[in-house]
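Observations on the model geometry
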Amino acid sequence: MMKITLIIISTILTFGCLQFTHAQQKAPESVEELWENYDPKSVPLNVEVLKKWENDNGNFEYIRYDLGPLKGTNKSGAPKISAYYGYPKGAENVPAVLHLHGGGQRAEKSRVEFWVKLGFACISINWGEKEVEKGLPNTDWDGIAAGFLGGANNLKHWNDVTPGPNTLYTEPHPMNSSWTLVNIAGRRALTFLEERSEVDADKLGVEGHSMGGKLTVMVSIDPRVKAAAPSVGGSGYLFEDLWGLPNSKRRMQENLDYYKKVVDCQSYWPEIKAPILFLGSTDDFNSPLELVNKGMQLLPKKTENILVLAPHLNHRFTDNTDAARFVWMQSHLQGKIEFPKKSSSELILKTKNGIPVFKVKPDQSSGLPIQKVEIYYGYARDPRVRFFRSAEVKQKGKFYEAECPVFDTKEPLFAFANITYDLGYEIPSRPGRNTTNYITVTSKYQVAYPEMLAGAKVKATEHRQNKVDDFKNGMQDWYTLYPDNSQHWFYSTRKIIDPSFMGPEGGKLKIDIETTEAGNTISVEIVTNQWLSYTGRRKEEYTAVVKLPNRGLNTIELVPSDFKTTGKKPLKDWDELTELSFQSAWKAKGPFKVDKRWSGESPDLKLIQWVGGDYSKWRRFYPHEKRNDQSLQKVINFENEFQDAIDQSVKLEKQDSSQ
């Protein structure tokens, strides 16, 4: 049974000098210079315990602490940061984890409770300033641009070093950026953990998701951090073009070079000494895969690092990839288990038949049994829309290998392996994730660019296929959300952006789908040009609502004009597809939504293929290509698409919690 006690402790604010003296000096020119004189313990935290409670696993508090005085040429402030904190019952010298929430979100009580369940103390700070406990004091940034409340669009997070209306400095300065200020809040939270009697101060970790992932990378330069696990945020290099994609970078109008030196994560990675696991998804919008690898390559040679990738997903993870973060902390802070090392891999380009071969030797130093090895490869230049194919894997002694046939030698080839290990114990369920006894760890990532393919005389042996998927291998090429929930199931794939599986001119999309009840209505959805605004085309969403009269097998045939936007604009052709999805029509958007809920179990997709059409007239328009015709659409603002993605992520997080 849960017991709740409300305690208000008044405190006297006594500020010394939080050791930032840049108001009297020139602005720092590097991350090292910025933090060299900073002491996160120089002034008291003045902790207020605002609420206490307990459950079967631990004791919990809702607290506030002082950030310390902040001074600048523009304004000053003395922010207070609220947080959830918990520790196991009877805890003595337990390791502790700092949790940093993502954009648009707030401190997570459930996250603290989960870490406590695993035997850790945990603090989750409410840096975003959204209310977490009604009627109790919240985070207060004291008018400085750092949280999310106030300002245009209800946001006041200030990314730039450029001065703004609520920044500390009237000149460019890293302390103008919210990232630096929240970094301080995180490092002060480490001080809080360090001072708790039940915590082992030599065993502190930090983890965070999305914006919290970037903050995790930044906080991880603190020498007190002994293990770090950022997810889908913190890659660095976001303001530089992806390979072969002019104008694909994010925009910043002023002081960009200075921002890169003192705020961007590409300047933080070289300073990290703690073992770090980066949890990513192959199609993530916030930490594109090649940029993650580019950032991690900046780590000092002796810094232990692991990449974990969830294939086909954007900003989300599978049960086994998600579990790797917790096992990472169990390994480095609890000593409960030895975490596998990064598996060596090789992309062999020179072969007898001209087909590249990916070869991996799974690490077995941990002694954990290997449950399976999967190899993935793909072509698209932009990782946010790249479809990774599942290769046919063959074991040869201690090695696993697979052919990675190329469609076009003028395009790059990307490949990696995922090795799934049997833990021998259980990682419990948590919001949006099921119980699992496995972790998945990614091998060394490999890339071969066109000049490398040409030099090795690689042949383009892959070809066009009218069959998109026969599901003989289940949903391995799909992203599935709540597949066992009869009302909220959602199936999605980027397979139709792969050059082999793109629809022919004048062809039909044929779908065989099996249901357990008659009379359902399905929403077939298409997204075009997602994340491709640099091509001169904008993202659009199209829907076709189709009745399924039969119990058992239903066959659908659709032409492009069957798909329409909410404004009734029909889809012109199959050329610009980036995503194909299915869900119950009662979950569809706007005018496509039907009142009747899904009847029976979640459906089974049996076959998706193209029928008819003229392949002879077809010319492959790669997703990144610009098109010189009159049908070019108005370019959508990247920031709008980015905000839509953040909103969707927050929505799914809430939906996870309700499942």
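Look up: the structure comes first, before these words.
Described in the following lines is the structure provided in the data block. From a predicted model like this one, the values you see are computed outputs, not experimental measurements.

Cut-offs and rules
- Numbering of residues starts from 1 in each chain and follows the order in which that chain's sequence is written.
- Since the coordinates come from a predicted model, pLDDT governs what is reported: local features require at least 70, and pairs of side-chain atoms require 80 or more to be given and counted, while whole-chain, interface and lining totals use all residues.
- Hydrogens and water molecules were not included; the side-chain quantities draw on all heavy atoms of the structure.
- Only runs of H or I of at least four residues qualify as helices and only runs of E of at least two qualify as strands under DSSP, and these elements are numbered from the N terminus.
- Type-normalised accessible area, obtained with a 1.4 Å probe on protein chains alone, sets the label of each residue: buried when under 20%, exposed when over 50%, and partly exposed for intermediate values.
- Only heavy atoms enter the contact rule, under which two residues are in contact if any of them lie within 4.5 Å.
- Surface accessibility in these figures is a Shrake-Rupley result with a 1.4 Å probe; residues are shielded only by whichever protein chains are displayed.
- Pairing of aromatic rings covers Phe, Tyr and Trp, the last counted by its six-membered ring, and requires centre-to-centre distances within 6.5 Å; plane angles under 30 degrees mean stacked, over 60 mean edge-to-face, and any other angle means tilted.
- Comment: the charge-over-ring label is applied if NZ (Lys) or CZ (Arg) is within 6 Å of the ring centre and within 35 degrees of the ring normal.
- Whenever a carboxyl oxygen of Asp or Glu lies within 4 Å of a side-chain nitrogen of Lys or Arg, that contact is scored as a salt bridge.
- Patch membership needs two things, relative accessible area over 30% and no salt bridge, and members are linked within 9 Å if like-charged or within 5 Å if nonpolar (Val, Leu, Ile, Met, Phe, Trp, Tyr).
- Positive charges come from Lys and Arg alone, negative charges from Asp and Glu alone, with His and the N- and C-terminal ends not counted.
- Charge coordinates come from a single atom per side chain, which is NZ of Lys, CZ of Arg, CG of Asp or CD of Glu.
- Between the N-to-C directions of two axes lies an angle of 0 to 180 degrees, each axis being a line fitted to C-alpha atoms and, for a helix, fitted only over the stretch in contact.
- Roughly parallel covers angles under 35 degrees, roughly antiparallel covers those over 145, roughly perpendicular covers 65 to 115, and oblique covers all other angles.
- By definition, any crossing whose near helix is turned counterclockwise from its far helix by less than a right angle is left-handed, and any crossing with a clockwise turn is right-handed.
- Note: two strands are recorded as paired if DSSP finds a minimum of 2 bridges between them.
- Distance and chemistry together define a polar contact, namely a pair of N or O atoms within 3.5 Å, with one atom able to donate a hydrogen and the other to accept it when in protein, and with adjacent residues in sequence counting only for side-chain atoms on both sides.

Time to look at the overall build of the protein chain. Looking only at helices and strands, the protein chain has 9 helices and 28 strands in total. Of all 659 residues assigned to the protein chain, the portion counted as buried reaches 60%. The contacts of the protein chain with a sequence gap of at least 6 include a subset with a gap of at least 24, amounting to 74%. If you sum the accessible surface of the protein chain, you get close to 26500 Å²; carbon and sulfur atoms cover 47% of it.

This part is about the packing of aromatic side chains. Scanning the entire structure with this criterion turns up 26 aromatic pairs. Centre to centre, the rings of F114 and F326 are 4.9 Å apart; their planes meet at 70°, and the pair counts as edge-to-face. With a gap of 212 residues between them, F114 in helix α2 (residues 109-117) and F326 in helix α7 (residues 319-334) connect regions that are remote in the sequence. Among the residues examined, F114 registers a relative accessible area of 6% and is labelled buried. Three or more aromatic residues joined by ring pairs make a cluster, and in this case those are W53, F60, Y62 and Y84. The ring of W35 has R187 sitting right over it, with the charged end atom 4.8 Å from the ring centre.

Time to look at unusual backbone geometry. With phi around 50°, N93 is a residue other than glycine that occupies positive phi space. For N93, the location among the structural elements is in the loop between β4 (80-88) and β5 (94-100). The class for N93 is exposed, based on a relative accessible area of 53%. Despite not being glycine, H312 shows a phi value in the positive range, around 75°. On the secondary structure map, H312 appears in the loop between β10 (305-310) and α7. In this structure H312 comes out as buried when scored by relative accessible area, which is 7%.

Turning our attention to the environment of F114. Linking F114 and S429, residues 315 residues apart in sequence, is a C-alpha distance of 9.0 Å. When residues no more than four places from it in sequence are discounted, the contact partners of F114 are F326, I427, P428, S429 and R430.

Under the criterion given, the structure shown has 40 salt bridges. Residues K467 and D470 are paired through a salt bridge, measuring 3.2 Å at the closest nitrogen-oxygen approach. A relative accessible area of 35% means that K467 is categorised as partly exposed. The exposure class assigned to D470 is partly exposed, which follows from its relative accessible area of 23%. Through salt bridges that share partners, K41, R187, E194, D222 and R224 make up one connected network.

Turning our eyes to something else, we now look at a negative patch on the surface. On the surface, E514, E517, E601 and D604 cluster together into a negatively charged patch. Checked against the element boundaries, D604 lands in strand β28 (residues 604-611).

As a further point, take the packing of helix α3 (residues 178-195) against helix α4 (residues 211-219). One can describe the packing of α3 onto α4 by two numbers: an axis separation of 9 Å at closest approach and a directional angle of 65°. Considering the angle they form, α3 stands roughly perpendicular to α4. Remark: the crossing between α3 and α4 carries right-handed chirality. Contacts between α3 and α4 involve W179, T180, V182, N183, G186, R187 and L190 on the former and, on the latter, M211, K214, L215, M218 and V219.

Let's shift gears to the sheet that holds strand β26 (residues 552-558). Judged by pairing direction, the sheet is antiparallel, and its 4 strands sit side by side in the order β20-β28-β23-β26 without closing on themselves. Either end of the sheet is taken by a strand with one partner, and the two such strands are β20 (467-469) and β26. Put simply, the sheet's adjacent strands are angled 20° from each other on average, direction ignored. Alignment of strand β23 (residues 508-515) against β28, held across 7 bridges, turns out to be antiparallel.

Taking strand neighbours across the sheet as the criterion, the 5 strands line up as β21-β22-β27-β24-β25 in an open arrangement whose pairing is antiparallel. Sheet topology places β21 (479-481) and β25 (540-548) at the edges, where each strand pairs with a single neighbour. Strand-to-strand twist across the sheet, computed as the mean angle between neighbouring axes with direction ignored, equals 15°. Alignment of β21 against strand β22 (residues 490-493), held across 3 bridges, turns out to be antiparallel. Among the inter-strand pairings, Y479 is bridged to a residue of β22, identified as S492.

In this fold, Y479 is placed in strand β21. Taking C-alpha positions, Y479 is 5.9 Å from Y491, a pair spaced 12 residues apart along the chain. Side chain to side chain, Y479 and R316 meet in a polar contact 3.5 Å long.

With that settled, the discussion passes to the side chain of T303. Residue placement: T303 occurs in the loop between α6 (289-296) and β10. Taking the relative accessible area as the measure of exposure, T303 reaches 4% and is therefore buried. A polar contact of 2.9 Å, which involves the side chain of T303, links it to the backbone oxygen of I272. The residues contacting T303, other than those within four sequence positions of it, are I272, K273, A274 and I276.

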